[in-house]
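An overview of the molecular structure
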Amino acid sequence: MLIITDNTSLACSLVDDLSDWKRYRDHPSLSSSSPDYDTTSTTSKIFNTLDSQKQLKSILAAVFPDDSEPLWCTYSDISDFFQILLVQNSSKLSQYDLLKELKKQNIDLPDRLLLFAGSGRKFHGFSGRSWAAESGNIHLVTYSKIGKTLPFSYASLMSAATLSVVQAIDQIDGLSNCSEIKWINDILIADKKVAGVLADARFIGESVQDIQFGIGINVLTTPTVKRNQFVPQVSSIAEHSNSSDRILAKLFTELLINLAKNITTLLNGETTSLINKYRNRSMIIGKDITIMEENSDHSDNDITKSAIIAQGEVINIGDNLEIYLKNSTTPIVRGRVTIDKNSN
């Protein structure tokens, strides 16, 4: 995988054993005019066409618009699935939104692309709610081209994203099976929120053109955020793990492994297994919950005035991630969930 960054220290905190950094413009595997250009290298094989070189230049210009900072690059075998990782020290806007805007402009993007920001502004979670993007945590966007018809749903997409996070956390010392999914896209440990995901797909007719995930995980830093009944407590992976030894790099590696596995499952059309695994890690099944309307601006302002959609014990989550309550035949497909404090 090709890694390009404006901060080599940040990249090295994510990926073990990075070395042989070169200025991006001087890298012999990327410049065919270089006398040292190696046509057999993995990087050269990825970017040996004019189209792929144009794709790379387009995304670099969007992610790193300021030419005053030099870009450095190297190669890592951390992933056979993903091809490019762009590591940005700090982003002035949401990389997730940036990618969506580039797609709206029909910019041709590199396949199997990863964008990482060490910190940033204007980041957000589900329904546009603010996300505190602080140093020491994971802020990752993934992009994959599909280009074919699949037995595909938003439920399977969201399941793949959330499962990738909980499966990665499972590999951290002391945290196997400790994380749970709070409907629909939050990940909690010991009732404290540590992560959240976003998911999006683009269709032409019945053909899935591409998918992207946005993943935020509090790894080393617990952010200062406004707490409320929907997010009563916030935490970080480091607060729960038995080990602090390169926990960021360990979690990042495991996240890429599980993203590759779950995206491949999507590509193979095996959506049922993803949704079943989502159910198995859900923290709301068997709990008494209240589901409330979103505020019109999707903010957390005056949430005590939000209308209640439904209340009751969750008996199941359906194939479209809809909630089924005891003594009710109407599935719940929208709203925000709070768990009854007295619920076991």
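The following refers to the structure shown. Small disclaimer: the values here were computed from a predicted structure and weren't measured.

What follows concerns unusual backbone geometry. Leave glycine aside and you will find that most residues have negative phi; peptide bonds, for their part, are mostly trans. The step from W183 to I184 runs through a cis peptide bond, and the omega angle for that step is 5°. For I184, the position within the fold is in the loop between β7 (179-182) and β8 (186-189). Phi angles above zero are rare outside glycine, and D191 is one such case at about 65°. When you line up the elements, D191 lands in the loop between β8 and β9 (192-204). Looking at D191, the relative accessible area reads 44%, which means it is partly exposed. Despite not being glycine, N327 shows a phi value in the positive range, around 65°. Relative to the helices and strands, N327 resides in the loop between β13 (323-325) and β14 (336-339).

A few words now on the pattern of salt bridges. Where charged atoms from two side chains of opposite charge approach closely, those side chains can pair. The tally for this structure, following the rule as stated, stands at 13 salt bridges. Across the pair D170 and R281 runs a salt bridge whose closest N-O atoms are separated by 2.8 Å. Residue D170 is located in the loop between α5 (154-169) and β7, and its partner R281 is located in the loop between α8 (271-280) and β11 (288-292); the two are separated by 111 residues in the primary sequence. For R281, a relative accessible area of 13% puts it in the buried group. As a salt-bridge pair, D319 and R279 come within 2.4 Å of each other at their nearest N and O atoms.

Our focus in this paragraph is the packing of α5 against α8. The description of two packed helices rests on the angle between their axes and on the distance between the axes. Viewed as axis vectors pointing N to C, α5 and α8 meet at an angle of 55°, and their least axial separation amounts to 9 Å. Considered as vectors, α5 and α8 are oriented oblique to each other. Here the hand of the crossing between α5 and α8 comes out left-handed. Within the contact between the two elements, α5 uses A155, S156, S159, A160, T162, L163 and Q167 and α8 uses T271, L274, I275, K277 and Y278.

Another aspect to go through is the packing of aromatic side chains. Taken as a whole and assessed by the stated rule, the structure comprises three aromatic pairs. Judged by centre distance (4.9 Å) and plane angle (85°), the ring pair of F81 and F82 falls under edge-to-face. Comparing F81 with F82 shows no difference in burial state: the two are buried. Arranged with centres 5.8 Å apart and planes meeting at 85°, the rings of F116 and F252 form a pair that is edge-to-face. Note that F116 is positioned in strand β5 (residues 113-120) and F252 in helix α7 (residues 247-267), a separation of 136 residues in sequence. Like F252, F116 is buried. Just above the ring of W72 sits the side chain of R23; from NZ or CZ to the centre is 5.7 Å. Against the face of F81 rests R112, its NZ or CZ located 4.0 Å from the ring centre.

Calculation rules
Residues numbered from 1 in each chain as written. Predicted model: local features only at pLDDT ≥ 70, side-chain atom pairs only at ≥ 80, totals over all residues. Heavy atoms only, no water. Helix = DSSP H or I, 4+ residues; strand = E, 2+ residues; numbered from the N terminus. Buried < 20%, exposed > 50% of the residue type's maximum accessible area, 1.4 Å probe, protein only. Salt bridge = Lys/Arg side-chain N within 4 Å of Asp/Glu carboxyl O. Axes fitted to C-alpha atoms, helices over the stretch in contact; angles between N-to-C directions. Parallel < 35°, antiparallel > 145°, perpendicular 65-115°, else oblique. Left-handed = near helix turned anticlockwise from the far one by under 90°. Contact = heavy atoms within 4.5 Å. Phe/Tyr/Trp six-rings, centres within 6.5 Å; stacked < 30°, edge-to-face > 60°. Lys NZ or Arg CZ within 6 Å of the ring centre and 35° of its normal.

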